[in-house]
Amino acid sequence: MTTKKVAIKKTKPGKKATNGAVTKKNVAAPKLLVSKTKSNTSNSSAITKSISPLRSAIVQETTQRPVSAQISTFKVGDKVVYPAQGVGVIQSIEARKIGTFEQRFYKINILENGATIMVPVGQVETVGLRRVIDTKTIEKVYDILRDRKITVDTQTWNRRYREYTQKLKTGSLFEIAKVIRDLSVLKLDKELSFGERKMLDAAEGLLVKEISIAKARTEDQIKKEIQGICHA
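Residues numbered from 1 in each chain as written. Predicted model: local features only at pLDDT ≥ 70, side-chain atom pairs only at ≥ 80, totals over all residues. Heavy atoms only, no water.

Q: Can you help me understand the pairing of strand E4 (residues 116-120) in this one?
A: Successive side chains on a regular strand alternate, one facing one side of the sheet and the next facing the other. Summarising the sheet, strand E3 (residues 101-110) and E4 pair through five bridges and their orientation is antiparallel. Residue pairing across strands places Lys107 opposite Met118, the latter belonging to E4. (Pairing = 2+ DSSP bridges. Helix = DSSP H or I, 4+ residues; strand = E, 2+ residues; numbered from the N terminus.)

Q: What should I look at first to understand the pattern of salt bridges in this one?
A: Side chains that differ in sign of charge can pair as their charged atoms come close. Within the structure shown, the criterion is met by 15 salt bridges. Notably, a salt bridge pairs Glu112 with Lys209, separated by 3.9 Å at the nearest N-O pair. Placement of the pair is Glu112 in the loop between E3 and E4 and Lys209 in helix H6 (residues 194-215), with a sequence separation of 97 residues. Lys209 gets classed as buried once you look at its relative accessible area, which sits at 12%. The salt bridge involving Lys167 is made with Glu175; its shortest N-O contact spans 3.1 Å. Each of Lys75, Asp78 and Arg131 takes part in one network of salt bridges that share partners. (Salt bridge = Lys/Arg side-chain N within 4 Å of Asp/Glu carboxyl O. Buried < 20%, exposed > 50% of the residue type's maximum accessible area, 1.4 Å probe, protein only.)

Q: Please explain the packing of aromatic side chains as it appears in this structure.
A: Any pair of aromatic rings gets described here by the distance separating the centres and the angle formed by the planes. Inspection of every chain in the model, using the stated rule, returns one aromatic pair. Where Phe74 meets Tyr106, the ring centres are 5.7 Å apart and the plane angle is 65°; that geometry is what we call edge-to-face. You can see Phe74 sitting in the loop between helix H1 (28-64) and strand E1 (79-82) and its partner Tyr106 sitting in strand E3, a full 32 residues away along the chain. For Phe74, a relative accessible area of 4% corresponds to the buried category. (Phe/Tyr/Trp six-rings, centres within 6.5 Å; stacked < 30°, edge-to-face > 60°.)

Q: What should I look at first to understand the packing of H6 against helix H7 (residues 219-230) in this one?
A: Relative orientation and spacing of two packed helices are given, respectively, by the angle between their axes and the distance between those axes. Contact geometry of H6 with H7 gives a least axis separation of 9 Å together with a crossing angle of 120°. Considering the angle they form, H6 stands oblique to H7. In the packing of H6 onto H7, the handedness of the crossing is right-handed. Within the contact between the two elements, H6 uses Glu204, Leu207, Val208, Lys209, Ile211, Ser212 and Lys215 and H7 uses Glu219, Ile222, Lys223, Glu225, Ile226 and Gln227. The residue inventory of the contact of H6 with H7, partitioned by class, reads five nonpolar, two polar and six charged. (Axes fitted to C-alpha atoms, helices over the stretch in contact; angles between N-to-C directions. Parallel < 35°, antiparallel > 145°, perpendicular 65-115°, else oblique. Left-handed = near helix turned anticlockwise from the far one by under 90°. Contact = heavy atoms within 4.5 Å. Nonpolar A, V, L, I, M, F, W, Y, C, P; charged D, E, K, R; others polar.)

Q: I would appreciate a short explanation of empty space enclosed by the protein in the present structure.
A: This model, assessed by the stated rule, comprises one cavity of 30 Å³ or more. The space that makes up the largest cavity amounts to roughly 50 Å³. Lining the largest cavity are Val81, Tyr82, Pro83, Ala84, Gln85, Gly86, Gly171, Leu173, Ile176, Leu206 and Glu210. Those elements giving two or more residues to the lining of the largest cavity turn out to be E1, helix H5 (173-189) and H6. The residue makeup of the lining of the largest cavity, split by class, is seven nonpolar, three polar and one charged. (1 Å grid on protein atoms, 1.4 Å probe; cavity = no way out; pocket = protein on both sides within 12 Å on 5 of 7 lines; lining within 4 Å. Points joined across faces, edges and corners; volume = space filled by probe spheres on them.)

Q: I'm lost on unusual backbone geometry in this one. Help?
A: Only a minority of non-glycine residues have a phi that is not negative, and only a minority of peptide bonds are not trans. Of note in this structure, Ala84 is not a glycine but carries a positive phi near 70°. Within the element layout of this structure, Ala84 appears in the loop between E1 and strand E2 (86-98). For Ala84, a relative accessible area of 41% puts it in the partly exposed group. Look at Ala216: it is not a glycine, yet its phi comes out positive at around 55°. Using a relative accessible area of 71% as the deciding quantity, one classes Ala216 as exposed.

Q: How do you make sense of the pairing of E2 when you look at a structure like this?
A: With four bridges connecting them, E1 and E2 associate as antiparallel partners. Within E2, the residue paired with Lys79 across the bridge is Val89.

Q: Even after reading the chapter, I still don't get the side chain of Glu210, so can you show me in this structure?
A: The residue Glu210 is located in helix H6 in this model. On the basis of relative accessibility, which here comes to 2%, the residue Glu210 falls in the buried class. Ignoring any residue separated from it by four or fewer positions in sequence, one finds Glu210 in contact with Val81, Val87, Arg130, Arg131, Val132, Ile133 and Leu173.

Given below as structure tokens:
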């Protein structure tokens, strides 16, 4: 018996060939998909290899470029305010290597007590470092001091102390002014305790120092001005 070889023509999936055989569906598709996958993988690998040197170059340039080539919010000689410490002067901008990275710092000398503080250039907003206020803002601060339509908190001093401490730590002159106003109003009704007087002095010191610099006047003049508003 003679065996004949039957040639099967390629047809669309699901249709019968001319010899009556049924073709399999999507026979060629898997090969094409695999081919694409291999191609994509190869391309992805090639792209990754081409990006890696570029990424390394960027990191190296960012961490090793000189201080003069990096952008700073402040410059040497600027007067700035550090929360709870008061006004300071930026003495220098220094680069220090931490591990494998180089980081820049503002070296600040606090005018009130002579302390030196190092603030990372990239964490200015997080720390709350800011410029000295302008004259328009001073008037808003004075409006807070003049406000007497407040209810004096009758909670224990320990709780008030924690609340006032948090206000001072914000570095906001508005919050500092509220501490001065509240304690000044409380002082009209009773004698302040040692802790309350100390808190009032600290708040006034922060306010007087910054406003005297902003208005280019002596601290004594500003102190009298503030006390005149609080006792009016």
